[in-house]
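Residues per chain are reported as follows:
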Amino acid sequence: MTNPMHADALVALATEIRVLGAMVDDLPAPSAGPPAIAEDLTVIALQARNALSAVLRLQELVPQGASAELDTLLHRLNNFFTGIASLATLCRDDVRGAPALSAKLVEVEQQSRRAADCVRVLARARP
C-alpha cells in the first residue's frame, strides 16, 4: 500500500465497522426486543457480524491493489450497511413507544451510513 490515502481510508472503514458492531451489540437481543422487530434485529446483527468478519480480508486485499475480489468485497460491505440502515429505519417505525430503543436505532442507522461513506472513500482512493 504505497498510497497513504489507502491506509487512512482502510483504517477509517475498519473503525466505523467496529463502532457499528458495538452499537448493534447494544441493541436488545431479538428474543428480548419487541416481537414486531425480532426478525429485523436478527438480520441487523447478522449483517454487522458479516461486515466485521470482512475487515480481515479487506486488510489483506487493499495493499495488493485493485482486483475483482476487492471490488466484490466493497460492494458486499455496501450491501450490508444499506441493509442495516434500512432495517433500522423500519424498526424505528415499529417502536415509536420505546424512545430509548428508537434512539439506539437512529444511531445504528447513522453509523451504517458513515461506514458506507467510508467504503466509497476507499473505493475512490484505489488506483
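All figures in this text were calculated on a predicted structure; none of them were measured in a lab.

Calculation rules
Residues numbered from 1 in each chain as written. Predicted model: local features only at pLDDT ≥ 70, side-chain atom pairs only at ≥ 80, totals over all residues. Heavy atoms only, no water. Helix = DSSP H or I, 4+ residues; strand = E, 2+ residues; numbered from the N terminus. Rg over C-alpha atoms; globule rule 2.2 N^0.38 Å. Buried < 20%, exposed > 50% of the residue type's maximum accessible area, 1.4 Å probe, protein only. Contact = heavy atoms within 4.5 Å.

J.: Hey, could you go over the overall build of the protein for me, with residue numbers and the actual values?
T.: When its secondary structure is counted, the protein shows four helices and zero strands. Secondary structure elements of the protein, listed N to C terminal, follow the sequence α-α-α-α. By the compact-globule yardstick of 14 Å for 127 residues, the protein fits well, its C-alpha radius of gyration being 15 Å. Taken along the three principal axes of its C-alpha coordinates, the protein extends 50 × 20 × 20 Å. Burial status across the protein gives 41% buried among its 127 residues. When contacts within the protein are restricted to residue pairs at least 6 apart in sequence, those whose partners lie at least 24 apart make up 73%.

J.: Can you explain the side chain of glutamate 109? Please cite residues and give values.
T.: With respect to the helices and strands, glutamate 109 occurs in helix H4 (residues 99–125). With near-sequence residues (within four places) excluded, glutamate 109 lies in contact with Ala85, Ala88, Thr89 and Arg92.

J.: Quick one: what's the story with the environment of asparagine 78, residue by residue and with numbers?
T.: Position of asparagine 78 among the secondary structure elements: in helix H3 (residues 68–94). Through-space distance from the C-alpha of asparagine 78 to that of serine 112 is 9.1 Å; in sequence the pair is 34 residues apart. Once you skip the residues sitting within four places of it in the chain, asparagine 78 turns out to touch Ala116, Val119 and Arg120.

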